[in-house]
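Structural features, examined
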Amino acid sequence: MFLTRRLVALALAGFELLVGSTLAAPAKAPDCCETLRKSLPDIVSWSNTSAFTDSLSAYWVQQESLAPPECIVSVQSVAHVQTTVRVLARLNAKSNTCPFAIRAGGHGNYGASNQASGVDIDLRGLNRITVDQGLAVASIGAGASWGKVALELDTLGLVAPGGRDGDVGVGGLSLAGGISYVAPLVGFTADNIVKYQVVKASGDVITVSATSNADLFKALKGGLNNFGIVTRIDIKTLPLSRTWGGTTYYDISTAPQQLNAFYNFTSDPSYDDKAYAYQSFGYTPGSTVVLNNLAYAGAPATLPAKLSVLNAAAPALFSTLRLDNQTAFTTEQAVASPKGLRQIHYTTTFQLNKEILTASFEIWNASLARIKSVPNLTYSWTFEPLPAPLLAASAKGGNVLGLPSGGKPLVLGLIRASYVDAADDTYLNDIVKQVFSDIEARAEKLGVANQWKYAGYAGKGQPVIEGYGKSNVAFLEKVSSKYDPEQLFQRSVPGGFKL
Ligand SMILES: Cc1cc2nc3c(=O)[nH]c(=O)nc-3n(C[C@H](O)[C@H](O)[C@H](O)COP(=O)(O)OP(=O)(O)OC[C@H]3O[C@@H](n4cnc5c(N)ncnc54)[C@H](O)[C@@H]3O)c2cc1C
């Protein structure tokens, strides 16, 4: 069903191209941009303008910044988004030759939110944040960063369950699902969204909630950029001023104790819902360390016992663990992952299991010998848990992610290489891919593999939507046909993970 529908869409696109070419020359990217400029003269920019350069250079991934679109539409209002979508829908109706990308924070993987030689719709101008304190709901423009969200909400003593890195955008993270520090308490970011404002393929704006366009409401909770352009989300907040957070660094020789502690923390049958922790193993030239990133949704005077299990597993090299506000934590994370580097990353998911934790670490660790020749490299393997309370909250959150409803915890594994020189692309890609596929093969062999891949961390081409399960895929296809009958967001927005 999935393949057939996709093939039909491609065949139709090809047919239209053929028919279109006999009737009238299809629009080319420069013509698309010129047509957009006529409707939106003040917000369409070309290379050699500061608006264009500012937008392009602000992508997190270097590969994106080096692949310029033909033009960028820097929208400042919902009306701008409507006009842009109407023009692009018209231009693409016959020829499908104006491919475009939807970009919020621009923190996504290579190819997700930038259309080389095409059109980029930059949503960062839609970054207004207002708060209904009575309802404890924040209305956030989809182009805002989570750093801006933290800054505004800190002044009110509120926390939105969103990104932990301040540079990450609201749009991409919340449509992927969204893992926050308070996820075990409240589920994914998407589970906490009570309303979306969306521009459909027709250019019309609709409100999407549990009572209005309820099918789309569910589809957006994990459905990525496949249904329309989200211009605003309304999200529930938590009353928290200061919380525990930060990262503790250990020598890599302590890995066995750390793996054990991570297993005990995540598998604890009386898991403390306020606690969250992920564990990374990281190489930079000159040092290889274990990093435990800890968080607690509260401000007790001392670190809660459940987290101390991880914190006390071995003597630390140094630590940023402290009580602080979200602005400080999101800034710390953003500084730790600077933009402008080349990136390779892949993600997988497995059941929490001691053997796969150890084996995957060992596979990654053994590959260090081969990558050390690459200059200025950061190379890491991360475990990010989906503990039982998170899965239970997610099951109630109405998302379309297709995760099991509780019981056994899952763990996301994320491999990442950050470096500077394109000359290292092939060499590193080959190694990272091999390491990753060895880890997945081991998980299969141990019988702990899970097909789910978190969209926020997935590499280009990984089967994200398929991982949601057949019935969710069928549901998403139905919703797509209803809200986007011409399949604009499938045919003309190549970036991201398509249905
Ligand atoms: C260093 C780092 C830290 C991270 N931290 C976290 C974290 O704490 N929690 C977490 O869950 N994830 C995290 N992520 C992953 C993050 O969620 C994804 O990279 C996410 O896609 C980024 O969103 P963005 O808006 O910045 O990206 P963009 O590149 O702008 O967009 C990503 C995708 O979403 C689509 N999209 C964006 N906005 C819209 C919109 N308004 N309407 C329709 N489609 C849209 C784009 O078309 C694109 O396909 C992190 C990633 C990195 C690299």
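Residues numbered from 1 in each chain as written. Predicted model: local features only at pLDDT ≥ 70, side-chain atom pairs only at ≥ 80, totals over all residues. Heavy atoms only, no water.

A tally of regular secondary structure across the protein gives 18 helices and 20 strands. For 499 residues, the compact-globule estimate of 2.2 N^0.38 gives 23 Å, and the protein sits close to it at 22 Å. Viewed in the frame of its principal axes, the protein has a C-alpha envelope of about 70 × 55 × 45 Å. Counting across all 499 residues of the protein, residues that qualify as buried make up 57%. Sequence separation of 24 or more characterises 75% of the internal contacts of the protein that already satisfy a separation of 6 or more. On the protein, roughly 19400 Å² of surface is accessible, and the fraction owed to carbon and sulfur atoms is 55%. Positive and negative charge centroids in the protein, built from 41 and 38 side chains respectively, lie 5 Å apart. (Helix = DSSP H or I, 4+ residues; strand = E, 2+ residues; numbered from the N terminus. Rg over C-alpha atoms; globule rule 2.2 N^0.38 Å. Buried < 20%, exposed > 50% of the residue type's maximum accessible area, 1.4 Å probe, protein only. Contact = heavy atoms within 4.5 Å. Areas by Shrake-Rupley, 256 points an atom, 1.4 Å probe, with all protein chains shown as cover. Lys, Arg positive; Asp, Glu negative; His and termini not counted. Charge placed at Lys NZ, Arg CZ, Asp CG, Glu CD.)

The next thing to look at is the site of the ligand. Around the ligand there are 33 residues in total, and Ile 102, Ser 113, Arg 164, Ile 179 and Tyr 454 lie nearest to it. Contact between the ligand and Ile 179: an oxygen atom at 2.7 Å from a main-chain N or O atom of the residue. Tyr 454 places a polar side-chain atom, nitrogen or oxygen, 2.6 Å from an oxygen atom of the ligand. Protein contact buries 93% of the 950 Å² of open area that the ligand shows by itself. Breaking the shell around the ligand down by element, the ones donating at least two residues are β3 (100-103), α7 (170-176) and β10 (229-236). Among the elements that make up the shell around the ligand, the one with the highest residue count is α7 (four residues). Taken together, the residues of the shell around the ligand break down into 14 nonpolar, 15 polar and four charged. (Near = heavy atom within 4 Å. Polar contact = N/O pair within 3.5 Å; in protein donor to acceptor, adjacent residues only side chain to side chain. Nonpolar A, V, L, I, M, F, W, Y, C, P; charged D, E, K, R; others polar.)

This part takes up the pairing of strand β18 (residues 378-386). In terms of burial, β18 is largely enclosed, as eight of its nine residues are buried. Relative to β18, strand β13 (residues 275-284) runs antiparallel, the two being bridged by five bridges. Bridging across to β18, Tyr 283 finds its partner in Tyr 379. (Pairing = 2+ DSSP bridges.)

On to the state of the cysteines, then. In protein chemistry, a disulfide is the covalent bond that joins the sulfur atoms of two cysteines. Under the criterion given, the structure shown has two disulfides. Between the sulfur atoms of Cys 32 and its disulfide mate Cys 98 the distance is 1.8 Å. Sign of the S-S torsion, about -80° for the bond between Cys 32 and Cys 98, identifies this disulfide as left-handed. Remark: Cys 98 occurs in the loop between α5 (78-94) and β3 and Cys 32 occurs in helix α2 (residues 29-39); sequence separation between them is 66 residues. Pair check on accessibility: Cys 32 and Cys 98 agree, each one buried. Taken in N- to C-terminal order, the disulfide-linked cysteines of the protein are connected 1-4, 2-3. (Disulfide = S-S within 2.5 Å.)

Turning next to empty space enclosed by the protein. Inspection of the entire model under this criterion finds one cavity of 30 Å³ or more. Roughly 200 Å³ of volume is contained in the largest cavity. For the largest cavity, the lining is made up of 24 residues, of which Val 159, Ala 160, Gly 163, Tyr 181 and Gln 326 are closest to its centre. Of all elements in the fold, only α6 (146-154), β7 (158-159), β12 (243-251), β14 (287-296) and α12 (326-336) reach the threshold of two or more residues within the lining of the largest cavity. Taken together, the residues of the lining of the largest cavity break down into 16 nonpolar, seven polar and one charged. Two domains each donate at least three residues to the lining of the largest cavity, and these are domain 2 (129-239) and domain 3 (243-467). (1 Å grid on protein atoms, 1.4 Å probe; cavity = no way out; pocket = protein on both sides within 12 Å on 5 of 7 lines; lining within 4 Å. Points joined across faces, edges and corners; volume = space filled by probe spheres on them. Domains from an automatic or database assignment.)

Axis separation between helix α13 (residues 354-366) and helix α16 (residues 425-446) bottoms out at 10 Å; the angle between their running directions is 160°. Here α13 lies roughly antiparallel to α16, going by the angle between them. Read as a crossing pair, α13 and α16 show a hand that is right-handed. On α16, the residues touching Glu 355, Ile 356, Ala 359, Ser 360, Ile 363 and Trp 364 of α13 are Val 435, Asp 438, Ile 439, Arg 442, Ala 443 and Leu 446. Of the residues that constitute the contact of α13 with α16, the class distribution is eight nonpolar, one polar and three charged. (Axes fitted to C-alpha atoms, helices over the stretch in contact; angles between N-to-C directions. Parallel < 35°, antiparallel > 145°, perpendicular 65-115°, else oblique. Left-handed = near helix turned anticlockwise from the far one by under 90°.)

In a beta sheet, neighbouring strands are held together by backbone hydrogen bonds and run either parallel or antiparallel to one another. Taken in spatial order, the four strands line up as β1-β2-β4-β3 in an open sheet, and their pairing is mixed. Sheet topology places β1 (44-45) and β3 at the edges, where each strand pairs with a single neighbour. Direction of pairing for β1 relative to strand β2 (residues 71-74): antiparallel, over a ladder of two bridges. Its bridge partner lying in β2, Val 44 is registered against Val 73. Relative to the sheet, α5 contacts β2, β3 and β4 (119-122), its axis offset from that of β4 by approximately 160°.

As paired strands, strand β5 (residues 129-132) and strand β6 (residues 137-141) are joined by four bridges and run antiparallel to one another. Bridging across to β6, Thr 130 finds its partner in Ser 139. Where β5 hands over to β6, the hairpin turn is made up of four residues, of which Ala 136 adopts a positive phi near 55°.

Such coordinate-based values are descriptive only and should not be taken to indicate function.
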